[in-house]
Structures are given as structure tokens and as C-alpha cells.
Amino acid sequence: MMVEKVKIGKTDVLGTPLGLGTNAVGGHNLFPNLNDAEGVKIVKTALNNGINFLDTAYAYGFGRSEELIGQAIQGYDRKKIVIATKAAQTPGHPDQLDNSPEFLKQAVEDVLKRLKTSYIDIFYIHFPDGKTPLNEAVKALDEKRQEGKIKAIGISNVSLDQVKEANKDGLVDIVENQYSLIHRDAEKELMPYLKANNISFVPFFPLASGLLTGKYSSVVSFASDDIRHSNPDFRGERFAKIIKQVQKVQPIADKYQATIAQIALAWYIKNPDVTVVIPGAKQAKQVEANAGAQKVTLSKEEYDTINSLFKDL
């Protein structure tokens, strides 16, 4: 299946509109009972199903996710794969953030070894450290770009003011922030700025921790050590309201013989303000299911219907 590629910012990096978030590939610090062999299989399943955009980070298993991706891509044509990774956490002290030029330049070198590759397509500053001027941090990454070690510069978990500060010299290519059908703050000011400055946008948590997949009914409870336990989206009236709206997507899903999750992903793929959408997966079969979203092309009317269902939540 041929999928039309999308361009990342002002660069020549071309990704598929549907990518793979890999925090459950080697992210042993984030999820219990992960299996490394399954992690490698998840990555290969994505590549075998027409998904070329892999999103990882040092913070996913403190380098383990990057190592597993490095293993998984051996035997594939590297030029056809887009790898995005992120750094900011200090090794050994993950709660300490560092955006200093020295740290970021070293982080790039370290990642190249873990990924067993000579360049990284997209390198993000994972979180601002609150100390380093972001435009100086970005300039350090631009040096690495000029050396040919990275192709595009990204920033993540940033406010609009931070994006503007980072982009003072016009060097930012891509932003990754939280955005989904039920978390839409980015639409107000961030997206118009990105569009005006030719900066790509990648939303994380596009399926809102599973809420937009249709797998939840109106009654659900989570153990106290589950991150969803204290998430306001999963509580009371808001939860009931979201579930009700999600169920209204079912007729569109039925029309395409698709799942609600595939329809939600197709909505992001059609969204002109979203460059690449990166749902995660804990099992290879979930990747295969998500890949089915590439076969769904929503009509304008269907897109608008889904948009309005979640507009005022």
C-alpha cells in the first residue's frame, strides 16, 4: 500500500502520516512486564505495515528503547526509515533536566551508538530545563545538523512562548505536544503559530490513554497504582460524557468496517494541522490494527462530524 509521505518542517525528511510511539518498546520504567522481544517485533510490524516514522526517547527505558529500535531496523533500508528521538533527562538522575549545549551534543553522539546508525532524522529537546535559553539549546543541535548527524530539530512539552524562544533563529522544524480530540488547547494559539512558521506538529497521547478507542464502557475503575486512576478524564461526569461521544463514532466505523480507534487515527491523518500521529502499542497486533487507519479516508462531512462531537468537552 502506497502512503503519501509528509514533509517535516523545512527539511527534506519525509515521514508517513501514521507513525509509531515506542514508549512501550523497552520502556521498563514506564510499564510493568514489558518483553524486549515483543518490543523488537512491534517495531518490525510497523515497518512491515507501511509505517516508517518511529518516535522514541532516552527516557523510554533510559536508552533501552533506542537500543531495541537499533536492533529492529537492521536489515531494513535505513534511508526509508524516519527515527525521532528525544533527550533532556540526565543519565542516572532522570528527574534532573539538562538542555545545555554540551549535554545535547553528547546526547546526540550517545544515541547514534544505541541506534547503530550514522544519523538521526529528528532530534527533540524532550523537556525544557527552565535554565538554558531554548534558542541556545537549538543552536547546539543545529551544529549537529551541520555535521550531518541530525536532519531536523524538534522541541517537546513546550508552551507557545517557549516555542517562540526556541525558534528565534528559525531553526525549529517540529513540535511534539499533547493534543487529542478531547485535549484541544493547541488549536487556539500554538497551531496557528506553527503553521505560519512552517513547523510540523506531532501530537502525543492521540488516543487519550485508550479513551478514544471505544474499549471502555460507562463504568470502569482502575487500581490505585494505575496512572488512569487519578486522571480526571476517567472520572465522573467527564468520563461518562467522553464515552457517550465516542460511541457516536460507531456508525462511521461500521461504514468503513473499521474500529473506532482506526477512525480516530484517520481523523488525525486528515487534520491539516497534524503532520504525523504516533499511537503507541504494547503488542505487535495493536500496531497491525492501527496500521489499518491508513486505509480509511474520511469524507469532509465525516471529519467535521467527529470534530464537532468532541469540540466542547
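See the structure shown above.
The structure displayed is predicted, hence computed values, not measured ones.

Asks: Describe in detail unusual backbone geometry, supporting the description with residues and values.
Replies: A positive phi angle, close to 55 degrees, is found at Asn33, a residue other than glycine. Looking at where Asn33 falls in the secondary structure, it is placed in the loop between strand S3 (20–21) and helix H1 (36–48). Here Asn33 falls in the exposed class, since its relative accessible area comes to 78%. Of note in the backbone geometry, Asn157 takes a positive phi value of approximately 55 degrees without being a glycine. Here Asn157 is to be found in the loop between strand S9 (150–156) and helix H5 (160–166). When its relative accessible area of 24% is taken as the criterion, Asn157 is described as partly exposed.

Asks: Can you lay out the pairing of strand S5 (residues 82–87) for me, pointing to particular residues and giving the numbers?
Replies: Burial analysis of S5 places 6 of its 6 residues in the buried class, which makes it a mostly covered element. Residues Val82, Ala84 and Lys86 line one face of S5 and the alternating positions Ile83, Thr85 and Ala87 line the opposite face, and both faces are buried. In terms of handedness, the path from strand S4 (residues 53–55) via helix H2 (residues 64–72) over to S5 forms a crossover that is right-handed. The pairing of S5 with strand S8 (residues 120–125) spans 4 bridges and is classified as parallel. Bridged to Thr85 within S8 is Phe123.

Asks: Hey, could you go over the pattern of salt bridges for me, with residue numbers and the actual values?
Replies: By the definition in use, this model includes 22 salt bridges. Among the salt bridges present, the one from Asp173 reaches Arg145, with a minimum N-O distance of 2.6 Å. A residue pair is termed long-range when its members are at least 10 positions apart, and Asp173 in the loop between H5 and strand S10 (174–178) and Arg145 in helix H4 (residues 134–146) qualify at 28 residues. Judged by relative accessible area, which is 2%, Asp173 ranks as buried. With a shortest N-O distance of 2.7 Å, Glu302 and Lys255 are connected by a salt bridge. Taken together, the residues span a long stretch of sequence, with Glu302 in helix H11 (residues 300–310) and Lys255 in helix H8 (residues 250–255) at a distance of 47 residues. In this structure Glu302 comes out as buried when scored by relative accessible area, which is 9%.

Asks: Describe in detail the packing of H1 against helix H10 (residues 284–291), supporting the description with residues and values.
Replies: Following both chains from N to C, one finds H1 and H10 inclined at 20 degrees, their axes separated by 8 Å at the closest point. Taken together, the axes of H1 and H10 lie roughly parallel to each other. For the element pair H1 and H10, the recorded crossing hand is right-handed. Between H1 and H10, the contacting residues are Glu38, Lys41, Ile42, Thr45 and Ala46 on the first element and Ala284, Val287 and Glu288 on the second. The class makeup of the residues in the contact of H1 with H10 is 4 nonpolar, 1 polar and 3 charged.

What counts and what doesn't
Residues numbered from 1 in each chain as written. Predicted model: local features only at pLDDT ≥ 70, side-chain atom pairs only at ≥ 80, totals over all residues. Heavy atoms only, no water. Helix = DSSP H or I, 4+ residues; strand = E, 2+ residues; numbered from the N terminus. Buried < 20%, exposed > 50% of the residue type's maximum accessible area, 1.4 Å probe, protein only. Right-handed = clockwise from strand over helix to strand, strands pointing away. Pairing = 2+ DSSP bridges. Salt bridge = Lys/Arg side-chain N within 4 Å of Asp/Glu carboxyl O. Axes fitted to C-alpha atoms, helices over the stretch in contact; angles between N-to-C directions. Parallel < 35°, antiparallel > 145°, perpendicular 65-115°, else oblique. Left-handed = near helix turned anticlockwise from the far one by under 90°. Contact = heavy atoms within 4.5 Å. Nonpolar A, V, L, I, M, F, W, Y, C, P; charged D, E, K, R; others polar.

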